[in-house]
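Below, each chain spelled out in residue letters.
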Amino acid sequence: MDQLRSRRLFFAHHHLTGSPWGQPAVHAFPERAAAVAAVGSTGIGFDAQELTQLVATRSADWVRGVLDEHGLHIGELEVLTWWWGTPEDADASRPMEEPMFALADEFGIGRLKASAVFLEPSGRPSLDLLAERFAALCDRAAEHGLRIALEPVAAFPLFTYADAAQVVLDAGRPNGGVEIDAWHFFRDPTGFAALERLDGTHITGLELCDGVAEPQVSLMEDSADGRLLPGTGTFDLPRLLHEVERRQPDVDLSVEVLSAELRTLPPAENTKQTVAAVDALLGRR
């Protein structure tokens, strides 16, 4: 893990908000930014809804001022859904997609996270159709200098890492890839087999967290509240790090620990404990 030891840690949006997924952030953006900078990191992710609200209630210049004060950049914006809809469904996806592209242009964001969630088999398009529509999304994103990071959600197993790999490979777009989120990856039985099919150009990022071997709650609850700091659970993270590094040594290394316990900490303590855990995992100390 020599290359990964030299990578600066990127903090995904939901790691520091102090609120459950989908809820407004408890901790203000300036406090989160200061906490990220204090541990030597330079990258932070944003949820499109919060960033839109900050621009509307403060201003884009205010957001840039906070970033500049702490030497940070917004590396990722999340999360785009409904990209798989038919042209007739554009009314459901474009009102989300186009403002996200505009935010990416405004702040020089390079990666947009997308997901695919299907509740019933009958509601999932074929992989051929998904690849076609993912390719179209990537083409639209390329006009804004964006990479599309496709992330399966293990709590909804109708779209797996195997499916995501197939979609990305069939789409064949240089700006389209798979986001490796450790929680979703290890809760998905197709994870390592899917990774075997990917090379470095197909991996958009690696998000670290850990977890227990057998959750005593639903996968949704475990995903939202039960993740652990990297290296403190049962996931075979060294194997994952090795497999990703040999494909893409320059991968963006980030952390996304959705944890009810971690949310009780102020951002400064959260980032301190997180960096200590990642450093121990990577052998950086």
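## Some points on the overall build of the chain
Next up, step 1: On a plain count of helices and strands, the chain comes out with twelve helices and eight strands.
Next up, step 2: Computed over C-alpha atoms, the radius of gyration of the chain comes to 18 Å, within 12% of the 19 Å expected from 2.2 N^0.38 for 285 residues, which places it in the range of a compact globule.
Next up, step 3: Expressed as lengths along the three principal axes of its C-alpha atoms, the size of the chain is roughly 45 × 45 × 35 Å.
Next up, step 4: Looking at the chain residue by residue over its 285 residues, the buried ones come to 52%.
Next up, step 5: A sequence separation of at least 24 residues applies to 79% of the contacts in the chain between residues at least 6 apart.
Next up, step 6: About 12,100 Å² of surface is accessible on the chain, with carbon and sulfur atoms providing 52% of the total.
Next up, step 7: The averaged location of the 44 negative side-chain charges in the chain is 4 Å from the averaged location of its 24 positive side-chain charges.

## Description of the packing of helix H6 (residues 127-142) against helix H7 (residues 161-171)
Next up, step 1: One can describe the packing of H6 onto H7 by two numbers: an axis separation of 8 Å at closest approach and a directional angle of 55°. With respect to H7, the element H6 is oriented oblique. Crossing of H6 against H7: the hand is right-handed. For the pair H6 and H7, the contacting residues are Leu127, Asp128, Leu130, Ala131, Phe134 and Ala135 in the first and Asp163, Gln166, Val167, Val168, Asp170 and Ala171 in the second.
Next up, step 2: For the contact of H6 with H7, the per-class residue count stands at eight nonpolar, one polar and three charged.

## Overview of the sheet that holds strand E8 (residues 253-255)
Next up, step 1: Read around the barrel, eight strands follow the order E1-E2-E3-E4-E5-E6-E7-E8 and close on themselves; strand pairing throughout is parallel.
Next up, step 2: Direction of pairing for strand E7 (residues 203-208) relative to E8: parallel, over a ladder of three bridges. In the sheet register, leucine 206 faces E8, and the bridge partner there is leucine 253.
Next up, step 3: Sheet strands touched by H6: strand E3 (73-80), strand E5 (147-151) and strand E6 (176-181). Its angle to E5, the strand with the most contacts, is close to 145°.

## A few points about the pattern of salt bridges
Next up, step 1: Here the structure, examined in full by the defined rule, presents 21 salt bridges.
Next up, step 2: Members of the salt-bridge network, linked through shared partners, are Glu76, Glu78, Arg111, Lys113, Glu151, Asp181, Glu207, Arg227, Asp252 and Glu256.

## Considerations on the nonpolar core
Next up, step 1: Trp83, Phe134 and Leu240 are the most contacted members of the largest nonpolar core, which has 79 residues in total.
Next up, step 2: Setting aside residues up to four positions removed in sequence, leucine 240 forms contacts with Ile180, Ala182, Phe185, Phe186, Phe192, Leu195 and Leu206.

## Structural notes on the pairing of E6
Next up, step 1: Within E6, six of the six residues are buried, which leaves it mostly tucked inside the rest of the structure.
Next up, step 2: Relative to E6, E5 is paired through three bridges, and the arrangement is parallel. The residue bridging leucine 150 from the neighbouring strand is valine 178, located in E6.
Next up, step 3: The parallel pair E5 and E6 is bridged by H7, and the resulting crossover is right-handed.
Next up, step 4: Where E6 and E7 come together, four bridges link them in parallel fashion. The residue of E7 that forms the bridge with aspartate 181 is glutamate 207.

## With respect to unusual backbone geometry
Next up, step 1: Backbone torsion omega between glutamate 78 and valine 79 reads -10°, so that peptide bond is classified as cis.
Next up, step 2: The topology assignment puts valine 79 in strand E3.
Next up, step 3: Residue tryptophan 82 is not a glycine yet carries a positive backbone phi of 65°.
Next up, step 4: Here tryptophan 82 shows up in the loop between E3 and helix H5 (90-107).
Next up, step 5: Under the relative-accessibility criterion, tryptophan 82 is labelled partly exposed at 46%.

## Describing the environment of arginine 227
Next up, step 1: Looking at the element boundaries, arginine 227 is found in the loop between helix H10 (219-225) and helix H11 (237-247).
Next up, step 2: Through-space distance from the C-alpha of arginine 227 to that of isoleucine 109 is 27 Å; in sequence the pair is 118 residues apart.
Next up, step 3: When residues no more than four places from it in sequence are discounted, the contact partners of arginine 227 are Asp181, Trp183, His184, Cys209, Asp210, Asp222, Glu256, Val257, Leu258 and Ser259.

Rules of the game
- Residues numbered from 1 in each chain as written.
- Predicted model: local features only at pLDDT ≥ 70, side-chain atom pairs only at ≥ 80, totals over all residues.
- Heavy atoms only, no water.
- Helix = DSSP H or I, 4+ residues; strand = E, 2+ residues; numbered from the N terminus.
- Rg over C-alpha atoms; globule rule 2.2 N^0.38 Å.
- Buried < 20%, exposed > 50% of the residue type's maximum accessible area, 1.4 Å probe, protein only.
- Contact = heavy atoms within 4.5 Å.
- Areas by Shrake-Rupley, 256 points an atom, 1.4 Å probe, with all protein chains shown as cover.
- Lys, Arg positive; Asp, Glu negative; His and termini not counted.
- Charge placed at Lys NZ, Arg CZ, Asp CG, Glu CD.
- Axes fitted to C-alpha atoms, helices over the stretch in contact; angles between N-to-C directions.
- Parallel < 35°, antiparallel > 145°, perpendicular 65-115°, else oblique.
- Left-handed = near helix turned anticlockwise from the far one by under 90°.
- Nonpolar A, V, L, I, M, F, W, Y, C, P; charged D, E, K, R; others polar.
- Pairing = 2+ DSSP bridges.
- Salt bridge = Lys/Arg side-chain N within 4 Å of Asp/Glu carboxyl O.
- Core = buried A, V, L, I, M, F, W, Y, C linked by side-chain atoms within 4.5 Å.
- Right-handed = clockwise from strand over helix to strand, strands pointing away.

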